[in-house]
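Fold and geometry: a report
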Amino acid sequence: ALVKQLGDERIKGVLMLDEFPEVVSRVHKGEGPEAAIDLLHTLREMRQTEAFKHFALVLAGSIGLHHVVGKLDRIKLINDLRDIDVPALSRQEGHELLELILARATMQLDRNVRDHILDIVGTLLPYHIQLLVADLNAIARRNDTVEVTTAMVDDAAAAVIARNDKFADWEQRLVDYLDPEDCDY
C-alpha cells in the first residue's frame, strides 16, 4: 500500500536506505529467502516504473549489496543499480575533517598531533577518525588537560582497538556476507 501511495505522489523525493545489505540479510534470515527476494523485486519495480521516475533510491552500505544478493542467487534484481565507490579521505581531507570536528572543542591539537592521528588511522575513513577523537576527548577530560599529546593519541587508539565494540558488528557482517576465502584478513 505504501509503495502504491509513493507512486501516486508527484513531489520529487529521495529515499536513502543506509546499511541496506544488512536489511536484506536480516529479512533473509528472519523471514526467509522469498521475503528478501520480494523486497528486491519491489525496489526494482519502483526503480523501473514510470510512476516512480520522480522518486530516487539511494541504497548505501559498508558491505557491497552484491554480496548479499549473490547469496540469494538474484543478482539480476540489482543489475540496474550503479555502484558509487566512496574512497577514503585524502590526507588534506583528513585534516579538514579534523578541523571541522575540533572547531568547538576545548582540547587543543597541534599539527604534529593531528598528523599522528591520521598516521594512526591509516586508511582515512571519517568514522575511524571520529572514534579516535572521541576517545581523545575522554582521555583529555580524565587527565584534566586541553593539550593533547601523541602519547594520548596512542592511548586512545589502543583503547578503541581493545574495546572492539565499534568493529565487531562490521566484522561479523563481513563473515556473514563474504565467501570464506574473501574473509581471510
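Provided above is the structure to which this section pertains.
Since we're looking at a predicted model, the values are computed, not measured.

**Some points on the overall build of the protein chain**
The helix and strand inventory of the protein chain stands at nine helices and two strands. Put simply, the protein chain runs from its N terminus to its C terminus through helices and strands in the order α-β-α-α-β-α-α-α-α-α-α. Residues classed as buried in the protein chain amount to 32% of the 185 residues present. For the protein chain, the proportion of contacts with a sequence separation of at least 24, taken over those separated by at least 6, is 69%. When the accessible surface of the protein chain is split by element, carbon and sulfur atoms take 52% of a total near 11900 Å².

**Side note on the environment of E19**
Here E19 shows up in the loop between strand 1 (13-17) and helix 2 (20-31). Residues E19 and G64 lie 45 residues apart in sequence; the distance between their C-alpha atoms is 9.4 Å. What E19 contacts, discounting residues up to four positions off in sequence, is A60, G61, S62 and R173.

**Some details on the side chain of H95**
Structurally, H95 can be placed in helix 5 (residues 91-102). Owing to a relative accessible area of 7%, H95 belongs among the buried residues under this scheme.

**Regarding a nonpolar patch on the surface**
A cluster of nonpolar side chains, V14, M16 and V58, forms an exposed patch at the surface whose accessible area comes to about 290 Å². If you trace the backbone, M16 turns up in strand 1.

**Examining helix 5**
For an α-helix, 3.6 residues make a turn, and residues three or four places apart therefore share a direction. Between its terminal C-alpha atoms helix 5 stretches 16 Å, which fits the 16 Å expected from 12 residues at 1.5 Å a residue. Those residues of helix 5 that sit buried are G94, H95, L97, L98 and L102. For helix 5, the angular spread of the buried residues around the axis is 160 degrees, confining them to a single face. Residues of helix 5 that are buried sit in contact with helix 6 (111-121) and helix 7 (126-142).

**Side note on the pattern of salt bridges**
In this structure the tally under the stated criterion is eight salt bridges. A salt bridge links E99 to R114; the shortest N-O distance between them is 2.9 Å. Of this pair, E99 sits in helix 5 while R114 sits in helix 6, placing them 15 residues apart in sequence. Between R111 and D115 there is a salt bridge, with the nearest N and O atoms lying 3.5 Å from each other.

**Here we look at the packing of helix 5 against helix 6**
How two helices sit against one another is set out by the angle between their axes and by the gap between those axes. Closest axis-to-axis distance for the helix 5/helix 6 pair is 10 Å, and the angle between their directions is 115 degrees. As for how helix 5 packs across helix 6, the hand of that crossing is right-handed. Facing R91, G94, H95, L98, E99 and L102 of helix 5, the residues of helix 6 in contact are R111, R114, D115, I117, L118 and D119. Split by residue class, the contact of helix 5 with helix 6 holds four nonpolar, two polar and six charged.

Quick notes on the rules
- Residues numbered from 1 in each chain as written.
- Predicted model: local features only at pLDDT ≥ 70, side-chain atom pairs only at ≥ 80, totals over all residues.
- Heavy atoms only, no water.
- Helix = DSSP H or I, 4+ residues; strand = E, 2+ residues; numbered from the N terminus.
- Buried < 20%, exposed > 50% of the residue type's maximum accessible area, 1.4 Å probe, protein only.
- Contact = heavy atoms within 4.5 Å.
- Areas by Shrake-Rupley, 256 points an atom, 1.4 Å probe, with all protein chains shown as cover.
- Patch = residues over 30% accessible without salt bridge, like charges linked within 9 Å, V, L, I, M, F, W, Y side chains within 5 Å.
- Salt bridge = Lys/Arg side-chain N within 4 Å of Asp/Glu carboxyl O.
- Expected span 1.5 Å × (residues − 1).
- Arc of directions from axis to C-beta.
- Axes fitted to C-alpha atoms, helices over the stretch in contact; angles between N-to-C directions.
- Left-handed = near helix turned anticlockwise from the far one by under 90°.
- Nonpolar A, V, L, I, M, F, W, Y, C, P; charged D, E, K, R; others polar.

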